[in-house]
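Observations on chain architecture
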Amino acid sequence: MEIIKLKIEDVERYNIDIRIMLKQSYEKSFPEKSFDAASFFTRVQSLKAYMADGKAIVYGIKNKERLAGFVWFFEKDNQGYNLIHINHFVVHEDFRRVGVGKVLWDAVEGYATKKGIDEIELLVTKNNKDAVNFYDKRNFQVERLVMKKRL
């Protein structure tokens, strides 16, 4: 397996893999909902637009001709300190628990260290226990809670 910084042409090449992983991620995080395949196509188109504008950084793990996982993030200034917001961090279910997430995480932290980033933030759904445990092991802390009332 090889880690790469994805370019727009890589996103086009791995378009199907990325859409599959996004679908897997959303289904794991929101098991009570159903998702339209077109929404993942739109999400990939948005990713390419953000990359074209220099607003998205994407690292991926290649395994032969497949993309085994990717992390999509961007930098932002938050009242005087720089942070990275992770938009999507996804490992294909065929490649979970073999170190793909760790390699992607190391790439994000390496990038943050080089750039002098103060903080990394993300959103995770509380019922996605695997993801919550992954971030707990990396010393993430809950700072805000999103509360909802279903009607």
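Structure: see above.
To keep things clear, this report deals only with the structure shown in the data block. Source: prediction; values computed, not measured. (Residues numbered from 1 in each chain as written. Predicted model: local features only at pLDDT ≥ 70, side-chain atom pairs only at ≥ 80, totals over all residues. Heavy atoms only, no water.)

**Regarding the side chain of Gln24**
Within the secondary structure layout, Gln24 lies in helix 2 (residues 15-29). At 3.1 Å, the side chain of Gln24 forms a polar contact with the backbone nitrogen of Glu93. Setting aside anything within four residues of it in sequence, one finds Gln24 in contact with Val91, His92, Glu93 and Arg96. (Helix = DSSP H or I, 4+ residues; strand = E, 2+ residues; numbered from the N terminus. Polar contact = N/O pair within 3.5 Å; in protein donor to acceptor, adjacent residues only side chain to side chain. Contact = heavy atoms within 4.5 Å.)

**A short note on the pattern of salt bridges**
Applying the stated criterion across every chain yields a total of 10 salt bridges. Between Glu27 and Lys23 there is a salt bridge, with its nearest N and O atoms 2.5 Å apart. One end of the pair is Glu27 and the other is Lys23, both in helix 2 and four residues apart, which spans about a single turn. Residue Glu27 is classed as partly exposed on the basis of its relative accessible area, which comes to 35%. Its relative accessible area of 34% is what places Lys23 among the partly exposed residues. With a shortest N-O distance of 3.1 Å, Arg97 and Asp130 are connected by a salt bridge. Of the two residues, Arg97 sits in the loop between strand 4 (81-91) and helix 4 (100-115) while Asp130 sits in helix 5 (residues 129-136), which places them 33 residues apart along the sequence. A relative accessible area of 70% means that Arg97 is categorised as exposed. Take Asp130: its relative accessible area is 33%, and that puts it in the partly exposed class. (Salt bridge = Lys/Arg side-chain N within 4 Å of Asp/Glu carboxyl O. Buried < 20%, exposed > 50% of the residue type's maximum accessible area, 1.4 Å probe, protein only.)

**Brief notes about helix 4**
Relative to the 22 Å expected for 16 residues at 1.5 Å per residue, helix 4 spans 23 Å between its end C-alpha atoms, a close match to the ideal helical length. Among the residues of helix 4, those classed as buried are Val100, Gly101, Leu104, Trp105, Ala107, Val108, Tyr111 and Ala112. All buried residues of helix 4 fall inside an arc of 155° around its axis, so they share one side. Facing away from the buried side of helix 4 by more than 90 degrees, the exposed set consists of Thr113 and Lys114. Looking at the buried positions of helix 4, the neighbouring elements they touch are strand 1 (2-5), strand 2 (57-63), strand 3 (66-78), strand 4, strand 5 (119-122) and helix 5. Count one or two residues on from helix 4 and you reach Gly116, which has phi positive near 70°. (Expected span 1.5 Å × (residues − 1). Arc of directions from axis to C-beta.)

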